[in-house]
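Secondary and tertiary structure notes
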Amino acid sequence: MAKKSVPFTLTTDDRKELTGWLRCTSVSHGLALRARIILQLDLGNSPIEVSRMLGVSRRTVHKWRNRFNESGVDGLYDAARSGRPTVIDEKTVQSVLKMTCEQVPHEATHWSIALMAEYAQISTWQVRQIWDAADLKPHRLRTFKISNDPQFAEKVIDVVGLYMDPPNNAMVLSVDEKTQIQALDRTQPGLPLSKSRIASRTHDYKRNGTASLYAAFNILSGEVIAKVTDRHRAKEFIEFLKQIDRDTPKQLDLHIILDNLSAHKTAEVKMWLEKHPRVHFHFTPTSASWLNAVESWFSQLERRALYRGVFSSVKDLKNEINRYVKVHNKYSAKPFRWTKSAEKIIASVNRAKNALSN
């Protein structure tokens, strides 16, 4: 006589928790599949229907339904495996950690799992366990540059102060140039995105010239004033300052944050500033472009409009940049928020300098 199946029940709390699993990006594929099985059963679908919908066997559906009936949500987690767990002795752990942090293999510039397993005479699984426990990632490399500007602290306090507490009756603009933007065309037409196939394009390209972009990012509104030019000299920079002066309310002071490019400090620029007393320059520290808010907008422009763009001429490139600026100002612009205080930034840089000196 066939064994009678246990009636399936799902409480409101269980349903909420399993639905949360599906929304969480850190939940493993296996747990997400088990949650889908249980939720589909909760909708009244039979095990046969669930197996067809999710592409799993009926045995799998019955297994996780029974586990859920016996132990609830906890039953969906993997059970502890039988047998004695693999033990890595402390001497081996310390040896691997010492080699990882203090030595370099002869065959490469950094350690890989296979190389470390060979040198330490252990399995690749054991290397993974040791590195994961110590949060070591030898394959990764971050870049950095610490500013040596003697006025670093004063400039950081000045710029961050404008971000976090902008002055009244004034507009704060983050200004910079994105130079030598290439008008690139592919040597052959690309293939579009379709089911089971990612979009593709040729690896080689044709250069059709370059253009430069001047941008002023309004931190209070997120809108951008832009000018696309063929060159980037003090002359073009002054023309852009004139455009900013024309396009902003005359009753407001203009506080412009910009880097230390020589074109920003020429005699012609200083003469122009003397004739426009409402414009005030605030320079970021040297080697600290991350402090200029417009840099994040440049990154957005690169990702959304330039990287996949195909431009048969400089004119096409300029048209696309101007189009993107208009679309951004109309649909995407939002106030810029800076959250890290000047004191925390200065303390972080000082820690980095001490670490390097030690």
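Residues numbered from 1 in each chain as written. Predicted model: local features only at pLDDT ≥ 70, side-chain atom pairs only at ≥ 80, totals over all residues. Heavy atoms only, no water.

**Some remarks on the overall build of the protein**
The secondary structure content of the protein amounts to 13 helices and five strands. Taking 2.2 N^0.38 as the reference for a compact globule, 358 residues should give roughly 21 Å; the C-alpha atoms of the protein span a radius of gyration of 30 Å, well beyond that estimate. Projected onto the principal axes, the alpha-carbon positions of the protein cover approximately 100 × 55 × 50 Å. Within the protein, buried positions represent 37% of all 358 residues. Long-range contacts, defined as pairs at least 24 residues apart, comprise 65% of the intrachain contacts of the protein with a sequence gap of at least 6. For the protein, the computed accessible surface area is about 23100 Å², with 51% contributed by carbon and sulfur atoms. Positive and negative charge centroids in the protein, built from 55 and 38 side chains respectively, lie 6 Å apart. (Helix = DSSP H or I, 4+ residues; strand = E, 2+ residues; numbered from the N terminus. Rg over C-alpha atoms; globule rule 2.2 N^0.38 Å. Buried < 20%, exposed > 50% of the residue type's maximum accessible area, 1.4 Å probe, protein only. Contact = heavy atoms within 4.5 Å. Areas by Shrake-Rupley, 256 points an atom, 1.4 Å probe, with all protein chains shown as cover. Lys, Arg positive; Asp, Glu negative; His and termini not counted. Charge placed at Lys NZ, Arg CZ, Asp CG, Glu CD.)

**Section: the sheet that holds strand 2 (residues 205-218)**
Taken in spatial order, the five strands make up an open sheet running 3-2-1-4-5, and their pairing is mixed. What marks the edges here is a single partner per strand, and that holds for strand 3 (224-229) and strand 5 (279-283). The mean inter-strand angle of the sheet, taken between neighbouring strand axes irrespective of direction, is 25°. Alignment of strand 4 (residues 253-258) against strand 5, held across five bridges, turns out to be parallel. Paired with Ile256 across the two strands is Phe281, which belongs to strand 5. Contacts between helix 11 (residues 294-306) and the sheet are confined to strand 1 (170-186), strand 2 and strand 3, with strand 1 contributing the most and set at about 30° to the helix. (Pairing = 2+ DSSP bridges. Axes fitted to C-alpha atoms, helices over the stretch in contact; angles between N-to-C directions.)

**Here's the deal with the nonpolar core**
General note: in soluble globular proteins, nonpolar side chains tend to be found buried as a group. Ranked by internal contacts, the top residues of the largest apolar core, which has 38 residues, are Val156, Leu213, Trp297 and Leu317. Listing elements by their share of this core, those giving two or more residues are helix 8 (152-164), strand 1, strand 2, strand 3, helix 11, helix 12 (314-332) and helix 13 (342-357). Look past the residues within four positions of Leu317 in its chain and what remains in contact with it is Ile181, Gln182, Ala183, Ala211, Leu306 and Phe311. Within the second largest apolar cluster, 19 residues are counted, among which are Met171, Ile225, Ile256 and Leu258. (Core = buried A, V, L, I, M, F, W, Y, C linked by side-chain atoms within 4.5 Å.)

**Let's talk about the side chain of Glu320**
Here Glu320 shows up in helix 12. Those residues in contact with Glu320, other than ones at most four positions away along the chain, are Ala305 and Phe311.

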